[in-house]
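Observations on chain architecture
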Amino acid sequence: MTADDAYNKSGNIHYPHFLRFRIVFWALSISLTLYPLCSSAQQESDFEEISVLLFIRHIGSIEIPAYIKGGDLYLPVIDLFSFLKIQNIPTPSYDTVSGIFINQQTPFLIDRVNNKIQLQKSVHELKNGDLIKTENNLYLKSNYFGEIFGLDCSFSFSSMSVTLTTKLELPAIKDLRQSMMRSNLSKLKGEIKPDTTIRRDYPIFHFGAADWVISASEIVNGRKDMHLNLALGGILAGGEATVDLNYNSSQSVNWKQQSYLWHFANNDLKAFKQIYMGKLPVQTIASISAPVIGGQISNTPTTFQRSFCSYTLSDYTEPGWIVELYVNYVLIDYAKADASGYFSFEVPLVYGNSFVKLRFYGPWGEERTREQVIRIPFNFLAPKKFEYTLDAGIVQNPRNSRYSKLNLNYGVSRRLTLGTGVEYLSTLSERPFMPFANFSLRIASSFLVSGEYNVGIRFKGIVSYRLPADLLIEASYTRLNESQTAIIAGYREERKAVITLPVRLHNFSSLVRLAASQVVLANSSYYSSEFLISGSVLGVSTNLTTSALFFNPTHPNIYSTLSFGIRLPAKVILTPQVQFSFSQGKFLSFKIEVEKRFFRDGTINLYYEKNFVNNISTLQAGVRFDFSAVQTNISARQSNDISSFQQYARGSFVYEGKGGKMKFSRNSMVGKGGIILMAFLDANDNRKFDKNEQKVAGLDIRISGGKVDRKFNDSTIIISELEPFTNYYLELNRNGFENISWQIPKPVISITVNANEYRFVQVPIKIAGEVSGLVYLVEDSLRIAQGRVLVSFYSSDSVLIDKAMTEEDGFFNFLGLSPGVYFAKLDQVQLSKLGMVPVSPSMVPFEIKPSFEGDQVGGLELLMQRLPAPMYPGNNKK
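Residues numbered from 1 in each chain as written. Predicted model: local features only at pLDDT ≥ 70, side-chain atom pairs only at ≥ 80, totals over all residues. Heavy atoms only, no water.

Considering the overall build of the protein chain
The condition is simple: A run of H or I in DSSP becomes a helix once it reaches four residues, and a run of E becomes a strand once it reaches two; helices and strands are each numbered from the N terminus. Note on contacts: a residue pair is in contact if any heavy atoms of the two residues lie within 4.5 Å.
Counting its secondary structure elements, the protein chain contains five helices and 61 strands. Sequence separation of at least 24 residues holds for 51% of the intrachain contacts in the protein chain that already meet a minimum separation of 6.

Written as structure tokens, this is what we have:
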């Protein structure tokens, strides 16, 4: 066919079949090529790429990329999970991300192709556009991090920041806690040396904080009760002052239920270091059921010396609760109670009195706290160290008994501490004075012995021995004098023995504990024993405890309690428990508790218990919600035919003092302290905040304890809920600012916290100037760059500031100079060793000018030349 044949009568063009195919092929190819570009351009026009500051309590902050579409925020899965140390493995195309969320039992898959997220066995369907894929990441709409993974993200558009909160113990938080505990143990050993020390101040008067609790209970067609509690905390005459007021609608005002205490501490004094006045926290030998009002003076410091061994402490609390261990107000360790509420710690012993305190948190981290003070039976002092404590006061009983106690302790050696003293109680007419003596002996690092003898009253002793395989054997013995009347007890002797063995396998850990005791009464005796196995099986917390009581050896009372703690999907905790009596051959009781988390701070609780012995059935339902400033709870209870209701609300407020304001919280604030940090650019390098200087955001800190809150509007950092009389170490990140010229000259700060007060700390940021230049060797009018040459920098008054070494190309630079006049010169000692001399001028002056961005001075040149060859007689020929 010719070209003319391409035209028909109507003038239309007719293409051959192959030509038509090629045109269609190229058109489709161009369309398919341009479509993704157009689609991508359309997507990019819908999504705006930004950079946000991600802040996570207890971990810190990091700047990450993000996308915004309308009012929705999209966060990068890989960057976020990597920062939280959550295992994540993306495919090469970044269409899916898989990994392990917290533990091996919770794998996850984020699938963009099928628009779904699978966590363990739960599958969550997503909408189109909820996932965004880029060249090197996968972005997820921020609300799904909270709904699916429990990582609640709150975005502030004004500060371009995201605050992530969670009730889970993330791997990053766990690593940080362990790092913090190692740091705290280092503090017990005195290994950290701060750059700056801020000592305590002693205000005459300061109002600090208040805690309040309102609770009410009502029995249908029965009694109604309301209880009010108000605790006030402040500083009076340099000491911690607390007042605790209680009121119950069903009782008249009882002054025994009101408490007040003033505590003064100053470790720099020699004659005494602590004074208590008010209702005293005394530990008496005699049985005293009423409080003691009086005073206590002691030379025992609130600080501590190095840790040298440990003591095992175990107890029970609510199932699933987190228990924190504090030794002398410092967080040392934490543990999670098992399904029965059992927990144990290795308490590090330190020289001096160890003030050991436990703090308990609810299973979702709701800070439903309570505190418990533990007395350790071992008290060691450093060699040749002497401590005393003197108590005196009136017992608040009908007879107003007079009470006093003197306790003396002396460290004979590193292994032996002896103590003695006397206690006096006026109501013991026949023997009001009760002398005593005690000792603590460390035979080896794992073999401890302690004993106490109260003349004519009691002897008690304890032995603790730990074998290399962590097998712990502990035995104690107590014997009361038959004629004594000081201690009210129903027994004459008590013998106890406890064997504890932790079992650790690859994917399984448990604790086996066997305890046995004998109690000798006036005319009889009985035995008791307990065998406990606690551990985690397939992710389920399990506790099996078998107890036996032998009043009659032929008819023992033996029963077992089996408890489980099961964490189900959708934030549900299931805790069943059953008790069976082998002696009676029947079940004694069954109970089950279900907790369901809703929203971020709410919990629904259902509880059922059946007591087969008394034929009592109890059903309880409750709702607990924690607002930012108030904790609330309401519950209804039906026990057989009796119906009742309970409600409570609690909260606190604290005055932050200078640099702060009144702050409301749902957690207890009385008796705790805080720190307010303000970083500023120290333009004139006087370490004081002046009117013309500006605050700086982005200060990155680490502290062993407390709660860190950042105020983005004025760049202030508030650290609350700190333990009083404790030296806290603030570790400031030198490289945490966006400008490299902003530097922290002293990054480690030691500060002692007062109770009921916020310490205000200014952090000066040095604006460092930079100087740079070149060093040349001059030979025959040539300049040769010289590497590894030292350049010294001096102030205008000839004080050496620092030195820098040149690179291979002769270039040198130094960052860290304050505003002022300086001069640079070659290091004379090095030049002498090299056989060199400087070329005039040997000193090059320069000036660093004040600037918020940091001044830079460049172009300095320093020259040197070889020494001339020495002249000897006869060298020159005539």
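Some details on a nonpolar patch on the surface
In plain terms, the rule: Surface patches are drawn from residues lacking salt bridges whose relative accessible area is over 30%; two like charges belong together within 9 Å, two nonpolar side chains (Val, Leu, Ile, Met, Phe, Trp, Tyr) within 5 Å. Only the protein chains shown count as cover for residues, and the accessible areas themselves come from Shrake-Rupley with a 1.4 Å probe. Definition used for salt bridges: Asp or Glu carboxyl oxygen within 4 Å of a side-chain nitrogen of Lys or Arg. Only protein chains enter the calculation, and the probe is 1.4 Å; a residue is then buried if its accessible area is under 20% of its type maximum, exposed if over 50%, and partly exposed in between.
Residues Ile204, Phe205, Phe207, Leu230, Leu232, Leu236, Val243, Leu245, Tyr260, Tyr655, Met662 and Phe664 make up a contiguous nonpolar surface patch of about 1100 Å² in total accessible area. Of all elements in the fold, only β14 (205-219), β15 (224-236), β16 (239-248) and β44 (662-665) reach the threshold of two or more residues within the nonpolar patch. Looking at the nonpolar patch, the element that brings in the most residues is β15, giving three residues. When you line up the elements, phenylalanine 664 lands in strand β44. The class for phenylalanine 664 is exposed, based on a relative accessible area of 54%.

Description of helix α3 (residues 142-149)
By the criterion of burial, α3 is predominantly enclosed, with six of the eight residues buried. Among the residues making up α3, those that are buried are Ser142, Tyr144, Phe145, Gly146, Ile148 and Phe149.

Some points on the environment of leucine 53
Positionally, leucine 53 belongs in strand β1 (residues 48-56). Residue class for leucine 53 comes out partly exposed when judged on its relative accessible area of 30%. For leucine 53 and alanine 66, which are 13 residues apart along the polypeptide, the C-alpha to C-alpha distance reads 9.8 Å.

Here's the deal with the sheet that holds strand β13 (residues 196-198)
What counts, and what does not: Strands were regarded as paired on the criterion that DSSP finds at least two bridges between them.
Within the open sheet, the four strands sit side by side as β13-β51-β49-β46. Their pairing is mixed. The outermost strands of the open sheet, each flanked by one partner alone, are β13 and β46 (701-702). Two elements, strand β49 (residues 727-732) and strand β51 (residues 748-752), share five bridges in a ladder whose sense is antiparallel. Note on β51: the bridge partner recorded for asparagine 727 is threonine 752.

Remarks on the pattern of salt bridges
For side chains bearing opposite charge, pairing can occur when the charged atoms are close. The full count for this structure, using the stated rule, is 20 salt bridges. For the salt bridge of lysine 496 with glutamate 494, the shortest nitrogen-to-oxygen distance reads 3.7 Å. Two residues, aspartate 709 and lysine 663, come together in a salt bridge whose shortest N-O distance is 3.0 Å. With aspartate 709 in strand β47 (residues 707-711) and lysine 663 in strand β44, this residue pair connects regions lying 46 residues apart in the sequence.

With respect to the confidence of the model for the protein chain
We apply this condition: One confidence number per residue, pLDDT, is output by the predictor and ranges from 0 to 100.
In the predicted model, the protein chain carries a mean pLDDT of 83, and 85% of its residues have values of at least 70. Averaged pLDDT values over the elements of the protein chain bottom out at 40 in helix α1 (residues 17-46) and peak at 96 in strand β28 (residues 416-425). Note on residues 1-45: pLDDT under 50 across the span, and seven contacts to partners over four residues away in sequence or across chains.

Focus: the sheet that holds strand β56 (residues 800-805)
Keep this limit in mind: Simply put, an axis is a line fit to the C-alpha atoms, just over the touching stretch for a helix, and the angle between two N-to-C directions goes from 0 to 180 degrees.
The sheet built from four strands is open, its strands ordered β56-β55-β58-β60 with antiparallel pairing. The open sheet has two free edges, formed respectively by β56 and β60 (843-848), since each of these has just one partner strand. The sheet shows a mean angle of 25° between the axes of neighbouring strands, direction not considered. Both strand β55 (residues 790-795) and β56 contribute to a ladder of five bridges, which runs antiparallel. In the sheet register, serine 792 faces β56, and the bridge partner there is lysine 803.

Some points on the packing of aromatic side chains
Quick reminder of the rule: Classification of ring pairs rests on two measures: the distance between centres of Phe, Tyr or Trp rings, Trp counted by its six-membered ring, which must be within 6.5 Å, and the angle between planes, read as stacked under 30 degrees, edge-to-face over 60 and tilted in between. Our definition puts a charge over a ring when NZ of Lys or CZ of Arg is within 6 Å of the ring centre and also within 35 degrees of the ring normal.
Per the stated rule, a full pass over the model turns up 25 aromatic pairs. Pairing phenylalanine 81 with phenylalanine 149 gives two aromatic rings, centres 5.4 Å apart and planes at 85°, and the pair type is edge-to-face. Taken together, the positions of phenylalanine 81 in helix α2 (residues 77-83) and phenylalanine 149 in helix α3 put the pair 68 residues apart, joining distant regions of the chain. For the residue pair phenylalanine 81 and phenylalanine 149, the accessibility class agrees, reading buried in each case. Centre to centre, the rings of phenylalanine 598 and phenylalanine 625 are 6.0 Å apart; their planes meet at 40°, and the pair counts as tilted. One end of the pair, phenylalanine 598, is in strand β39 (residues 586-598); the other, phenylalanine 625, is in strand β41 (residues 616-626), and 27 residues separate them in sequence. Pairwise contacts between aromatic rings join Phe81, Phe101, Phe108, Phe145 and Phe149 into one cluster. The ring centre of phenylalanine 436 lies 5.4 Å from the NZ or CZ of lysine 405, which sits over that ring.

Here we look at the pairing of strand β17 (residues 259-265)
Judged from the five bridges that link them, β16 and β17 form a sheet pairing that is antiparallel. Opposite valine 243, over in β17, you have tyrosine 260 as the bridge partner. Examined bridge by bridge, β17 and strand β18 (residues 274-279) share five bridges and lie antiparallel to one another. Bridge pairing in β18 places phenylalanine 264 opposite isoleucine 275.

Topic: the environment of leucine 168
Turning to its location among the elements, leucine 168 is positioned in the loop between β12 (161-165) and α4 (171-188). Here leucine 168 falls in the partly exposed class, since its relative accessible area comes to 24%. With 17 residues separating them along the chain, leucine 168 and leucine 151 place their C-alpha atoms 8.3 Å apart.

Digging into unusual backbone geometry
Note that the residue after serine 840, namely proline 841, is joined by a cis bond; omega there is 0°. Its location among the elements puts proline 841 in the loop between β59 (836-838) and β60. For glutamate 721, which is not glycine, the phi dihedral falls at a positive 60°. Relative to the elements of secondary structure, glutamate 721 occurs in strand β48 (residues 716-722).

Observations regarding the nonpolar core
Our working definition: The criterion is simple. A nonpolar core is a set of buried Ala, Val, Leu, Ile, Met, Phe, Trp, Tyr and Cys residues joined through side-chain atoms within 4.5 Å.
Core analysis: the largest hydrophobic core is formed by 34 residues, its most contacted members being Phe81, Phe108, Phe149 and Leu151. In this structure, leucine 151 is in contact with Phe81, Leu84, Phe101, Phe145, Gly146, Leu164, Thr165, Thr166 and Leu170, ignoring residues within four places of it in sequence. Judged by nonpolar contacts, the second largest core, of 25 residues, contains Leu677, Ile701, Ile703 and Val708.

A look at the side chain of asparagine 409
Inspection of the secondary structure puts asparagine 409 in strand β27 (residues 402-411). Classification of asparagine 409 as buried rests on a relative accessible area of 9%.

Focus on the pairing of β55
By the criterion of burial, β55 is predominantly enclosed, with five of the six residues buried. Pairing between β55 and strand β58 (residues 820-826): five bridges, direction antiparallel. Residue pairing across strands places phenylalanine 793 opposite alanine 824, the latter belonging to β58.

A look at the side chain of serine 652
Along the chain, the position of serine 652 falls in strand β43 (residues 642-655). Setting aside residues no more than four positions away along its own chain, serine 652 makes contact with Ala210, Asp211, Trp212, Ala629, Lys663, Phe664, Ser665, Asn667, Ser668 and Met669.

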